[in-house]
Amino acid sequence: MSKLFMTFASGTVAERLRQQPGVIIANGTETILLAEGDKSPFQSGKTFQIEEAEGQFASKGNIVYANVPVDSNARSLLFHRLLKDKSRLGFGHSGFAAYRLGVDPEDNHGIIFIQFTEGGNRFRDSTEYVLFQEWLKEAVEQKGAGPIIKHYVVDEADDL
């Protein structure tokens, strides 16, 4: 299993980290920085264990990030469903770049990252995205809890 590291930063700290090889910076409701590998380039943040991956993250585009509070059985079932029909992950849509399915070892939540280099807004307007959201909601066991889905822009706007 590979690892994906995520942290939050702003201003000169974010710009300094952006210069490191393999670091992607994305803006949304907050600024996140992502890096893949064996060792985190960040002093703090989250470490996710990646279970399934396709494609490579790019230095521009849009990222959909979902944190799904589920147990390991529900997470395995959700990932199986998503991998059986990858269109729910944006695979095959114009501008698709990559996805990562994994787990947050701190709380066992499922995590999903999807990136488009262009056309992310078309995916968000699609039936596949609506079904993606429904599958995430169905996977959540606790009543009143739900998936947290956020959208980020990497360098260039794509109307998300």
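This structure is a prediction, so every number in the text was calculated from the model and none was measured.

### Section: the pairing of strand S7 (residues 110-116)
Okay, step 1: In terms of residue burial, S7 counts as a mostly covered element, since 7 of its 7 residues are buried.
Okay, step 2: Across the two faces of S7 the burial is the same, with Gly 110, Ile 112, Ile 114 and Phe 116 and Ile 111, Phe 113 and Gln 115 all buried.
Okay, step 3: Bridge count for strand S6 (residues 96-103) against S7 is 7 bridges, and the pairing is antiparallel. In the sheet register, Tyr 99 faces S7, and the bridge partner there is Ile 114.
Okay, step 4: The antiparallel hairpin formed by S6 and S7 contains 6 residues in its connecting segment, where Asn 108 sits at a positive phi of about 70°.

### Details of the packing of aromatic side chains
Okay, step 1: Enumeration according to the criterion identifies 8 aromatic pairs in this entry.
Okay, step 2: Where Phe 96 meets Phe 116, the ring centres are 6.2 Å apart and the plane angle is 80°; that geometry is what we call edge-to-face. Of this pair, Phe 96 sits in strand S6 while Phe 116 is found in strand S7, placing the two residues 20 residues apart along the sequence.
Okay, step 3: On the basis of relative accessible area, Phe 116 is assigned to the buried category, the value being 1%.
Okay, step 4: Through successive ring pairs, a cluster of aromatic residues spans Phe 91, Phe 96, Tyr 99, Phe 116, Phe 123, Tyr 129 and Phe 132.
Okay, step 5: Here the guanidinium or amino end of Arg 81 rests over the ring plane of Trp 135, the centre of that ring lying 4.2 Å away.
Okay, step 6: Over the ring of Phe 57 we find Arg 100, and its NZ or CZ is 4.7 Å from the ring centre.

### Thoughts on the pattern of salt bridges
Okay, step 1: Summed over all chains, the structure comprises 10 salt bridges.
Okay, step 2: Close ionic contact of Glu 54 with Lys 86 constitutes a salt bridge, the shortest N to O distance being 3.3 Å. A residue pair is termed long-range when its members are at least 10 positions apart, and Glu 54 in strand S4 (residues 46-55) and Lys 86 in the loop between helix H2 (72-84) and S6 qualify at 32 residues.
Okay, step 3: What makes Lys 86 partly exposed here is its relative accessible area of 28%.
Okay, step 4: One salt-bridge network, held together by shared partners, links Lys 46, Asp 104 and Glu 106.

### Here we look at H2
Okay, step 1: Taking 1.5 Å of rise per residue, the 13 residues of H2 would be expected to cover 18 Å, and the 18 Å separating its terminal C-alpha atoms lies within 8% of that figure.
Okay, step 2: Taken together, the buried positions of H2 are occupied by Ala 74, Arg 75, Leu 78, Phe 79 and Leu 82. Down the axis of H2, the smallest arc covering the buried residues is 130°, so these residues share one side. Seen from the open side of H2, the exposed residues pointing more than 90 degrees away from its buried face are Asn 73, Leu 77 and Lys 84.
Okay, step 3: Turning to H2, the residues buried within the fold contact S4, strand S5 (61-68), S6, S7 and helix H4 (127-139).
Okay, step 4: Put simply, Asp 71 is the residue that caps the front of H2, since its side-chain oxygen is 3.2 Å from the backbone nitrogen of Asn 73.

### Remarks on the side chain of His 109
Okay, step 1: Along the chain, His 109 turns up in the loop between S6 and S7.
Okay, step 2: Within polar-contact distance, the side chain of His 109 engages the side chain of Asn 67 at 2.8 Å.

### Description of the environment of Phe 116
Okay, step 1: Each C-alpha atom of the pair Phe 116 and Ala 58 lies 8.4 Å from the other, and the pair is 58 residues apart in sequence.
Okay, step 2: Setting aside its immediate chain neighbours within four residues, Phe 116 contacts Lys 60, Gly 61, Asn 62, Gly 90, His 93, Ser 94, Gly 95, Phe 96, Ala 97 and Phe 123.

### Focus on the nonpolar core
The nonpolar side chains of a soluble globular protein tend to be buried, and buried together.
Okay, step 1: Val 68, Leu 78, Leu 82, Leu 89, Ile 112, Ile 114 and Phe 132 are the most contacted members of the largest nonpolar core, which has 22 residues in total.
Okay, step 2: Elements with a contribution of two residues or more to this core: S5, H2, S6, S7 and H4.
Okay, step 3: By residue number, the principal contributor to this core is H4, which donates 5 residues.
Okay, step 4: Not counting residues up to four positions away in its chain, the partners in contact with Leu 89 are Leu 82, Phe 96, Tyr 99, Leu 101, Ile 112, Ile 114, Phe 123 and Phe 132.
Okay, step 5: If you look at the next biggest cluster of nonpolar residues, it comprises 16 residues, including Leu 4, Ile 24, Ala 26 and Ile 111.

The rules we used
Residues numbered from 1 in each chain as written. Predicted model: local features only at pLDDT ≥ 70, side-chain atom pairs only at ≥ 80, totals over all residues. Heavy atoms only, no water. Buried < 20%, exposed > 50% of the residue type's maximum accessible area, 1.4 Å probe, protein only. Helix = DSSP H or I, 4+ residues; strand = E, 2+ residues; numbered from the N terminus. Pairing = 2+ DSSP bridges. Phe/Tyr/Trp six-rings, centres within 6.5 Å; stacked < 30°, edge-to-face > 60°. Lys NZ or Arg CZ within 6 Å of the ring centre and 35° of its normal. Salt bridge = Lys/Arg side-chain N within 4 Å of Asp/Glu carboxyl O. Expected span 1.5 Å × (residues − 1). Arc of directions from axis to C-beta. Contact = heavy atoms within 4.5 Å. Polar contact = N/O pair within 3.5 Å; in protein donor to acceptor, adjacent residues only side chain to side chain. Core = buried A, V, L, I, M, F, W, Y, C linked by side-chain atoms within 4.5 Å.

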